[in-house]
Amino acid sequence: MAAAMFTRLTKFNKGDEYEDLDGDDNVEMDITDMYRSVGKTPGGVINSAERGAVQRQKPADNSSVPPEETFTVQECIDQIGFGKFQVKLSILTGFAWMADAMEMMILAILSPALHCEWRLEGWQEALITTVVFCGMMCSSSVWGSICDKYGRKTELILCSLITCYFGILSAFAPNFIWMLILRGLVGFGIGGAPQSVTLYAEFLPSKSRATCVTLIEIFWAVGACFEVLLALFVMPTLGWSYLLGISALPLLIFSCFCVWLPESARYDMTRGCYDKALHTLERIAKDNGKPMPLGKLVEPHAHSIKRGRVKDLFIPELKVTTVLLWIIWLVCAFSYYGIVLLTTAMFENPDGCHGTDVKFNPNPSCFLECKSLTTKDYIDLTWTTFAEFPGLFITAYLLNKIGRKYTMVAEFLIFTLFVLLVNICMTRAVLTFFLFVARAFISGAFQGAYVYTPEVYPTSMRALGLGTCSGMARIGAIVTPFVAQVLLKESAYAAVSTYGVMCLIASIAAFLLPIETKGREMKDSGVEGPSKAKN
């Protein structure tokens, strides 16, 4: 054995360098290692403890064993790339977004209809919208914890079935109180919808993640436009109850197709189910026609991490990010849903200074004078809804060009500019254009937050982080009906300026975010070192 060791140590001088004659450039052994191999040290015989340590470290065949190749979930997905699997997942996730968009867009249509039929006051109209967001706010963190503890797939099926069930029941609501209760429960179910972004993002390669998550929002815009067009045909003939029932059915279809949906490989790794995670990755590779990486699937420290703890969002590395994201999400929802409600409200504003042709009293003393949305109103609402398409394409470009942070900053500032311009007296065509541009950029800013949030949080708390941010968004959405539908009737300038100031605050918060996630690999625990961004 000693002779073998001397053989491996034989070197020849080549200038100032030495080379191993056996050709193994990785062998690193000094004279002390040689002595220990035969039971001695330069000063004498080693003790039994040292001998045991040497024997434990030495390979049985006395040869150097190369380290085993390993890969992580994200490295595997990056190597496999975007393919057939992600296309199918995009369609399924997009269908869920479309169904949820229909449930949300109906809020701008339902209140005016019930205003006349049930003789509702302005604050009661606003309350029908607010109660949905109350349900969403109460359930957001609950769904986030369920998602992190029981899986993304289980959570998505459960929240979709709850939303569909109470959506259909609300079509049979006999009075205002029952409508509030049932729509509140619909909101409870919708609160889990953002978790589809969590599942979707975890199956995407790093380079295409921002673009894909952004473009999936096309389905939201399609759902919103479809709901307006559906109302155009259903409301005049069948009424609001049929519209509610029909709008809930796509979620039932989505739940059935979820049988195909796999569980997140990242989630399986965090709970120690390595075989399931590997099986999912092999399924993706097979669908995409690409080989799996060589080596063993690993995810360091993932098995020992506790999930679903809100206090983890405030660890030193994330506490500033969490607070700033809560501000951003609150303002995004406040402004986005505000501009949706503001569109029809501005068209009916009786001040005569915003391109409106007022032919009725918005608060008639006699309910025979009550006026519901007209065909022209639905067409104008459709036009402003179409603004989300250019907004999404612009956002998809900017996210990869200038980064997540600065995309949100720029879009908040542009929204602020155009929404403040609404304060100027103008024709209806100009007003529609300003609202169009404002909705395009607030939709893009909201999508920027959706891209940034899953990227900045590690797997162990990603769903919870997104859930709490969604909960903060609901606070903004709860307040906005009272600004867009109640305050607007008192002072259009005060209502419009409120949205401008709030988005200015959000732009500052986005600028102060300490982490830029462009090209950054998704982390799997909060204790990992900082990841280097990829160009």
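Residues numbered from 1 in each chain as written. Predicted model: local features only at pLDDT ≥ 70, side-chain atom pairs only at ≥ 80, totals over all residues. Heavy atoms only, no water.

- Going by the annotation in an unreviewed UniProt entry, the name recorded for the protein chain is Synaptic vesicle 2-related protein, with Biomphalaria pfeifferi given as the source organism.
- You can read under Sequence similarities (unreviewed entry) in the UniProt record for the protein chain the words "Belongs to the major facilitator superfamily."
- For the protein chain, the Subcellular location (unreviewed entry) comment in UniProt is given as "Membrane". (UniProt positions renumbered as here; feature names shortened; annotations may be inferred.)

**Describing the pattern of salt bridges**
Part 1 of the reasoning: The tally for this structure, following the rule as stated, stands at seven salt bridges.
Part 2 of the reasoning: When the shortest N-O distance is used, the salt bridge between Lys 88 and Asp 287 registers 3.4 Å. Placement of Lys 88 in helix α5 (residues 84-105) and of Asp 287 in helix α15 (residues 274-288) is noted, with a sequence separation of 199 residues between them.
Part 3 of the reasoning: Here Lys 88 falls in the partly exposed class, since its relative accessible area comes to 31%.
Part 4 of the reasoning: Given a relative accessible area of 23%, Asp 287 falls into the partly exposed group.
Part 5 of the reasoning: Salt-bridge contacts for Arg 462 lead to Glu 202; the nearest nitrogen and oxygen are separated by 2.8 Å. Of this pair, Arg 462 sits in helix α21 (residues 459-490) while Glu 202 sits in the loop between α10 (195-201) and α11 (206-215), placing them 260 residues apart in sequence.
Part 6 of the reasoning: Classification of Arg 462 by relative accessible area gives buried; the value is 0%.
Part 7 of the reasoning: Linked through salt bridges whose partners overlap, the residues forming this network are Arg 152, Glu 202 and Arg 462. (Salt bridge = Lys/Arg side-chain N within 4 Å of Asp/Glu carboxyl O. Helix = DSSP H or I, 4+ residues; strand = E, 2+ residues; numbered from the N terminus. Buried < 20%, exposed > 50% of the residue type's maximum accessible area, 1.4 Å probe, protein only.)

**Focus: helix α7 (residues 122-150)**
For the α-helix, the turn length of 3.6 residues means that residues three or four positions removed from each other point alike.
Part 1 of the reasoning: Look at α7: 42 Å from first C-alpha to last across 29 residues, which is about the 42 Å you get at 1.5 Å a residue.
Part 2 of the reasoning: Of all the bends in α7, the largest measures some 40° and sits at Ser 139.
Part 3 of the reasoning: Looking one or two places after α7, you find Gly 151, whose phi comes out positive at around 110°. (Expected span 1.5 Å × (residues − 1). Bend = angle between axes of the 7 residues up to and from the residue.)

**Digging into the packing of α5 against helix α13 (residues 240-257)**
Part 1 of the reasoning: The interhelical angle for the contact between α5 and α13, taken along N-to-C directions, is 155°, at an axis separation of 8 Å. Classed by the angle they form, the pair α5 and α13 counts as roughly antiparallel. Our pair here, α5 against α13, has a crossing hand that is left-handed. Two secondary-structure elements touch here, α5 through Leu 92, Phe 95, Ala 96, Ala 99, Asp 100, Met 102 and Glu 103 and α13 through Ser 247, Ala 248, Pro 250, Leu 251, Ile 253, Phe 254 and Phe 257.
Part 2 of the reasoning: Here the contact of α5 with α13 is built from residues that sort into 11 nonpolar, one polar and two charged. (Axes fitted to C-alpha atoms, helices over the stretch in contact; angles between N-to-C directions. Parallel < 35°, antiparallel > 145°, perpendicular 65-115°, else oblique. Left-handed = near helix turned anticlockwise from the far one by under 90°. Contact = heavy atoms within 4.5 Å. Nonpolar A, V, L, I, M, F, W, Y, C, P; charged D, E, K, R; others polar.)

**Quick notes on a nonpolar patch on the surface**
Part 1 of the reasoning: On the surface, Val 310, Phe 314, Val 323, Ile 327, Val 501 and Ile 505 cluster together into a nonpolar patch covering about 460 Å² of accessible area.
Part 2 of the reasoning: At the level of elements, α16 (319-347) and α22 (492-511) are the ones that each hand at least two residues to the nonpolar patch. (Patch = residues over 30% accessible without salt bridge, like charges linked within 9 Å, V, L, I, M, F, W, Y side chains within 5 Å. Areas by Shrake-Rupley, 256 points an atom, 1.4 Å probe, with all protein chains shown as cover.)

**Thoughts on the side chain of Ser 196**
Part 1 of the reasoning: When you line up the elements, Ser 196 lands in helix α10.
Part 2 of the reasoning: Take Ser 196: its relative accessible area is 4%, and that puts it in the buried class.
Part 3 of the reasoning: There is a polar contact of 2.8 Å between the side chain of Ser 196 and the backbone oxygen of Ala 193.
Part 4 of the reasoning: In contact with Ser 196, other than residues within four places in its own chain, are Thr 93, Trp 97 and Leu 156. (Polar contact = N/O pair within 3.5 Å; in protein donor to acceptor, adjacent residues only side chain to side chain.)

**Points about the environment of Ser 255**
Part 1 of the reasoning: Mapped onto the fold, Ser 255 is located in helix α13.
Part 2 of the reasoning: Distance in space between the C-alpha atoms of Ser 255 and Ile 157 is 5.4 Å, their sequence separation being 98 residues.
Part 3 of the reasoning: Apart from the residues lying within four places of it in its own chain, the contact partners of Ser 255 are Ile 157, Ser 160 and Leu 161.

**Things to note about the side chain of Lys 405**
Part 1 of the reasoning: Mapped onto the secondary structure, Lys 405 falls in helix α19 (residues 404-421).
Part 2 of the reasoning: Buried and unpaired, Lys 405 has no salt bridge, with Glu 516 as the nearest side chain of opposite charge at 5.8 Å.
Part 3 of the reasoning: A distance of 3.5 Å separates a polar side-chain atom of Lys 405 from the backbone oxygen of Phe 511.
Part 4 of the reasoning: Beyond its immediate chain neighbours, meaning those up to four positions away, Lys 405 contacts Tyr 452, Ala 510, Phe 511, Leu 513, Ile 515 and Glu 516. (Lys, Arg positive; Asp, Glu negative; His and termini not counted.)

**Notes on the nonpolar core**
Part 1 of the reasoning: Judged by nonpolar contacts, the single largest core of 138 residues is most densely connected at Trp 240, Leu 325, Ile 328, Trp 329, Tyr 337, Ile 339 and Phe 412.
Part 2 of the reasoning: Tallying contributions element by element places α16 first for this core, with 18 residues. (Core = buried A, V, L, I, M, F, W, Y, C linked by side-chain atoms within 4.5 Å.)

**Regarding the packing of helix α12 (residues 218-234) against α13**
Part 1 of the reasoning: Where α12 contacts α13, the axes come no closer than 10 Å and their chain directions differ by 145°. As for how α12 packs across α13, the hand of that crossing is right-handed. Residues Glu 227, Leu 230, Ala 231 and Val 234 of α12 pack against Tyr 242, Leu 243, Ile 246 and Ser 247 of α13.

**Side note on the confidence of the model for the protein chain**
Part 1 of the reasoning: Overall, the predicted model of the protein chain reaches an average pLDDT of 79, with 78% of residues at or above 70.
Part 2 of the reasoning: Confidence over residues 1-60 falls short of pLDDT 50; this stretch has 45 contacts with residues more than four positions distant or in other chains.
Part 3 of the reasoning: Considering only residues more than four positions removed or in separate chains, one finds that residues 527-535, a stretch of pLDDT under 50, has 13 contacts. (pLDDT = per-residue confidence, 0-100.)

**Quick word on the environment of Ala 201**
Part 1 of the reasoning: One can find Ala 201 in helix α10.
Part 2 of the reasoning: According to the relative accessible area criterion, Ala 201 is buried, its value standing at 1%.
Part 3 of the reasoning: Ala 201 sits 11 residues away from Cys 212 along the chain, and the two C-alpha atoms are 8.3 Å apart.

**So, unusual backbone geometry**
Part 1 of the reasoning: Despite not being glycine, Arg 119 shows a phi value in the positive range, around 55°.
Part 2 of the reasoning: Within the secondary structure layout, Arg 119 lies in the loop between α6 (107-117) and α7.

**Some remarks on the state of the cysteines**
Part 1 of the reasoning: According to the stated counting rule, one finds zero disulfides in the structure shown.
Part 2 of the reasoning: The thiol of Cys 164 is not disulfide-bonded; the next cysteine sulfur, from Cys 256, is found 9.1 Å away.
Part 3 of the reasoning: Looking at Cys 164, the relative accessible area reads 4%, which means it is buried. (Disulfide = S-S within 2.5 Å.)

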